[in-house]
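Below, each chain spelled out in residue letters.
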Amino acid sequence: QELGRKSREAGSAVDAAALPSASVLEREFGLFDSTRAGCLPTVDATTGAVSCACAGCERWKRYITGTLGEGWPTFPQYEVITADYVTQLARYLRRRRLEILGADEPRPLRVLELGAGDGRLTRHLREHLDGHGIEVYATDDHSLGLAKGDAKG
């Protein structure tokens, strides 16, 4: 419910404050919780795909496909960025900057995100790294989206 409330408050725009934590996602969707009745994840021996038909996992599928409903993202979630992930990645990049350039180096460490999609990760990292001597850039050729668009005509 907390994730839904934050998503509805944020509308279609995603900001750093609206990023859910991993624990919020677990509470909201109850993913692959074998202690919950009806949650029986299986692994396909050929493809390695994990699946489950319980209500929480079915809701998750609708979330990541952008079909959960009003107040939720209406686009596919190719990566689920959590506040925990962004915080840890920013911490890692600050540490690497010190190791690579040293504390007294005025030049920034430049980071390039390849295949950035819609740029959400870069936007959130920039917010966490502002003032720490790290510049984050993003690029994406959008070939996946273009190929998908070509297939539709």
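Model, not experiment: these values are computed from the prediction.

About the cut-offs
- Residues numbered from 1 in each chain as written.
- Predicted model: local features only at pLDDT ≥ 70, side-chain atom pairs only at ≥ 80, totals over all residues.
- Heavy atoms only, no water.
- Salt bridge = Lys/Arg side-chain N within 4 Å of Asp/Glu carboxyl O.
- Helix = DSSP H or I, 4+ residues; strand = E, 2+ residues; numbered from the N terminus.
- Buried < 20%, exposed > 50% of the residue type's maximum accessible area, 1.4 Å probe, protein only.
- Patch = residues over 30% accessible without salt bridge, like charges linked within 9 Å, V, L, I, M, F, W, Y side chains within 5 Å.
- Areas by Shrake-Rupley, 256 points an atom, 1.4 Å probe, with all protein chains shown as cover.
- Axes fitted to C-alpha atoms, helices over the stretch in contact; angles between N-to-C directions.
- Parallel < 35°, antiparallel > 145°, perpendicular 65-115°, else oblique.
- Left-handed = near helix turned anticlockwise from the far one by under 90°.
- Contact = heavy atoms within 4.5 Å.
- Phe/Tyr/Trp six-rings, centres within 6.5 Å; stacked < 30°, edge-to-face > 60°.
- Arc of directions from axis to C-beta.
- Pairing = 2+ DSSP bridges.
- Right-handed = clockwise from strand over helix to strand, strands pointing away.
- Lys, Arg positive; Asp, Glu negative; His and termini not counted.
- Polar contact = N/O pair within 3.5 Å; in protein donor to acceptor, adjacent residues only side chain to side chain.

Novice: Can you help me understand the pattern of salt bridges in this one?
Specialist: Between side chains of opposite charge, a pair can form when the charged atoms approach closely. Summed over the entire model, instances satisfying the criterion amount to four salt bridges. Linking Lys-61 and Glu-58 is a salt bridge whose minimum nitrogen-to-oxygen distance equals 2.9 Å. Of this pair, Lys-61 and Glu-58 both sit in helix H3 (residues 55–65), separated by three residues, roughly a single helical turn. Judged by relative accessible area, Lys-61 falls into the partly exposed class, the value being 33%. Close ionic contact of Arg-110 with Glu-135 constitutes a salt bridge, the shortest N to O distance being 3.0 Å. Of this pair, Arg-110 sits in strand E3 (residues 109–114) while Glu-135 sits in strand E4 (residues 134–139), and the two are 25 residues apart along the sequence. Note on Arg-110: relative accessible area 58%, which makes it exposed. Overall, Glu-135 belongs to the partly exposed group, its relative accessible area being 28%.

Novice: Explain a nonpolar patch on the surface here, please?
Specialist: A cluster of nonpolar side chains, contributed by Leu-112, Leu-114 and Tyr-137, occupies part of the molecular surface with about 330 Å² of accessible area. Take Tyr-137: its relative accessible area is 39%, and that puts it in the partly exposed class.

Novice: Would you mind going over the packing of helix H4 (residues 83–101) against helix H5 (residues 120–129) with me for this structure?
Specialist: Packing of H4 against H5 leaves a shortest axis separation of 9 Å and a crossing angle of 60 degrees. In this view, H4 runs oblique relative to H5, as classed from their interaxial angle. Where H4 crosses over H5, the handedness of that crossing is right-handed. When H4 is examined against H5, the residues Tyr-85, Val-86, Thr-87, Leu-89, Ala-90, Leu-93 and Arg-94 are found in contact with a partner set consisting of Leu-121, His-124, Leu-125, His-128 and Leu-129.

Novice: Looking at this structure, I do not really get the packing of aromatic side chains. What am I missing?
Specialist: Each aromatic ring pair is summarised here by two numbers: the centre-to-centre distance and the angle between the ring planes. Tallying each qualifying case throughout the model produces one aromatic pair. Here the aromatic rings of Trp-60 and Tyr-63 are separated by 5.3 Å at their centres, their planes lie at 40 degrees, and the arrangement is tilted. Here Trp-60 pairs with Tyr-63, and both are found in helix H3, just three residues apart, close to one helical turn. For the residue pair Trp-60 and Tyr-63, the accessibility class agrees, reading buried in each case.

Novice: Explain H3 here, please?
Specialist: For H3, the complete set of buried residues consists of Gly-56, Cys-57, Trp-60 and Tyr-63. Down the axis, H3 shows its buried residues gathered within 110 degrees of arc, on one side only.

Novice: Looking at this model, I keep getting lost on the pairing of E3. Mind explaining?
Specialist: Looking along a regular strand, one sees the side chains alternate between the two faces of the sheet. Note that E3 and E4 share six bridges and pair parallel. By the bridge assignment for E4, Leu-112 is matched with Tyr-137. Crossover handedness for the path E3 to H5 to E4: right-handed.

Novice: What exactly am I supposed to notice about the side chain of Arg-97 here?
Specialist: Relative to the elements of secondary structure, Arg-97 occurs in helix H4. In this structure, Arg-97 is buried with no salt-bridge partner, the nearest side chain bearing the opposite charge being Glu-105 at 6.1 Å. Of note is the side chain of Arg-97, whose polar atom sits 2.9 Å from the backbone oxygen of Gly-133. For Arg-97, the residues in contact, after removing those within four places along its chain, are Gly-102, Glu-105, Pro-106, Arg-107, Pro-108, Leu-109, His-132, Gly-133 and Ile-134.

Novice: Honestly, the side chain of Arg-120 in this entry has me stumped. Any pointers?
Specialist: Tracing the backbone through its elements, the reader meets Arg-120 in helix H5. Those residues within four positions of Arg-120 in sequence are excluded, and the remaining contacts are Phe-75, Gln-77, Glu-79 and Ile-81.

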